[in-house]
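# Residue-level structural notes
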Amino acid sequence: MSALSESLKKYIGLQSETEIACDTVERGAVRRYAQAIMYEDPIFGAPCENNARYGGPVAPPLFPTHMFRRAFGQPDPIQDNAKNPDFDGIVAATSSQGLPAIEPLAGYALLNGGSEIEFFRYARHGETIKLTSRYADITEKETSKGPIVLVVTESEYRNSEGDLLIRTRRTQIRRK
């Protein structure tokens with residue numbers, strides 16, 4: 001077992017504070033998202049018989065995962081780092097989902113290792129979305145090109161009543 005493994009163990013199970021999306025599920029944002037993914041199902045629009053079974057208009061299944069962005073008036077991390085030659089464009093809030101950076105992996109390259117998504121129900125127009133994440137697992141593996149670290153993050157997206165909408169399990173591949 002490497003020294004890196006020991007220093008990573010304290011992060012496993014670490015959970016973020018619950019984050020609340022800066023905007024509610026809003027019809028205009030749902031429309032733009034549905035158009036962008038080229039999936040303009042009538043259930044995403046105005047109330048109709050197609051979406052009555054969901055309690056009214058809803059958002060596409062993965063819409064809640066894209067609701068966590070910088071609110072008006074908050075500092076822009078890209079602008080804040082415009083003159084920093086070492087800034088690589090990775091913004092912690094978008095990659096860590098509210099979790100602290102894993103210090104022993106500072107300076108490691110990051111690669112998307114895939115996502116697993118469980119869908120429980122659609123988010124309805126007007127709902128507030130909450131996000132909680134945790135480091136589910138961190139493991140080291142030896143590859144033909146050297147060691148890598150796999151960081152698995154689980155996130156839950158819920159409405160303000162606590163109903164589970166989506167659970168994601170994302171894997172990051174980290175390499176020195």
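Whatever comes next refers back to the structure up there.
Attention here is on the structure that accompanies the text.

What counts, and at which threshold
- Residues numbered from 1 in each chain as written.
- Predicted model: local features only at pLDDT ≥ 70, side-chain atom pairs only at ≥ 80, totals over all residues.
- Heavy atoms only, no water.
- Salt bridge = Lys/Arg side-chain N within 4 Å of Asp/Glu carboxyl O.
- Helix = DSSP H or I, 4+ residues; strand = E, 2+ residues; numbered from the N terminus.
- Buried < 20%, exposed > 50% of the residue type's maximum accessible area, 1.4 Å probe, protein only.
- Pairing = 2+ DSSP bridges.
- Polar contact = N/O pair within 3.5 Å; in protein donor to acceptor, adjacent residues only side chain to side chain.
- Core = buried A, V, L, I, M, F, W, Y, C linked by side-chain atoms within 4.5 Å.
- Contact = heavy atoms within 4.5 Å.

### Considerations on the pattern of salt bridges
Following the criterion strictly, the structure yields 10 salt bridges and no others. Between Arg121 and Asp163 there is a salt bridge, and its shortest N-O distance comes to 3.6 Å. Highlighted residues: Arg121 in the loop between strand E2 (109–119) and strand E3 (129–143) and Asp163 in the loop between strand E4 (146–159) and strand E5 (164–175), separated in sequence by 42 residues. Taking relative accessible area as the criterion, Arg121 reaches 19% and is therefore assigned buried.

### Structural notes on the pairing of E3
When strand E1 (residues 19–20) meets E3, the two strands line up antiparallel, connected through 2 bridges. For Glu19, the partnering residue across the bridge sits in E3 and is Leu131. Connecting E3 to the antiparallel partner E4 that follows it, the hairpin turn spans 2 residues.

### Remarks on the sheet that holds E3
Taken in spatial order, the 5 strands make up an open sheet running E1-E3-E4-E5-E2, and their pairing is antiparallel. In this open sheet, the two strands that pair with only one neighbour each are E1 and E2. With 10 bridges connecting them, E4 and E5 associate as antiparallel partners. When the bridges of E5 are listed, Val149 appears paired with Arg174.

### Here's the deal with the environment of Gly55
Looking at where Gly55 falls in the secondary structure, it is placed in the loop between helix H2 (27–36) and helix H3 (77–80). Exposure remark for Gly55: the relative accessible area of 61% places this residue in the exposed category. Through-space distance from the C-alpha of Gly55 to that of His125 is 9.6 Å; in sequence the pair is 70 residues apart.

### Considerations on H2
Of all the residues in H2, the buried ones are Gly28, Ala29, Val30, Tyr33 and Ala34. For H2, the side-chain oxygen to backbone nitrogen distance between the N-cap and Gly28 is 2.7 Å, and the N-cap itself is Glu26. Once H2 finishes, Met38 follows within two positions and takes phi at roughly 55°, a positive value.

### Overview of the nonpolar core
If you look at the biggest cluster of nonpolar residues, it comprises 20 residues, and the most contacted ones within it are Val25, Phe44, Phe63, Met67, Phe68 and Ile129. Secondary-structure elements contributing two or more residues to this core are H2, E3 and E5. If you tally residues by element for this core, the top one is H2, at 4 residues. Excluding residues within four positions of it along the chain, Phe68 makes contact with Glu19, Ile20, Ala21, Ile129, Lys130, Leu131 and Tyr157.

As far as function goes, none of this settles anything; it's purely spatial.
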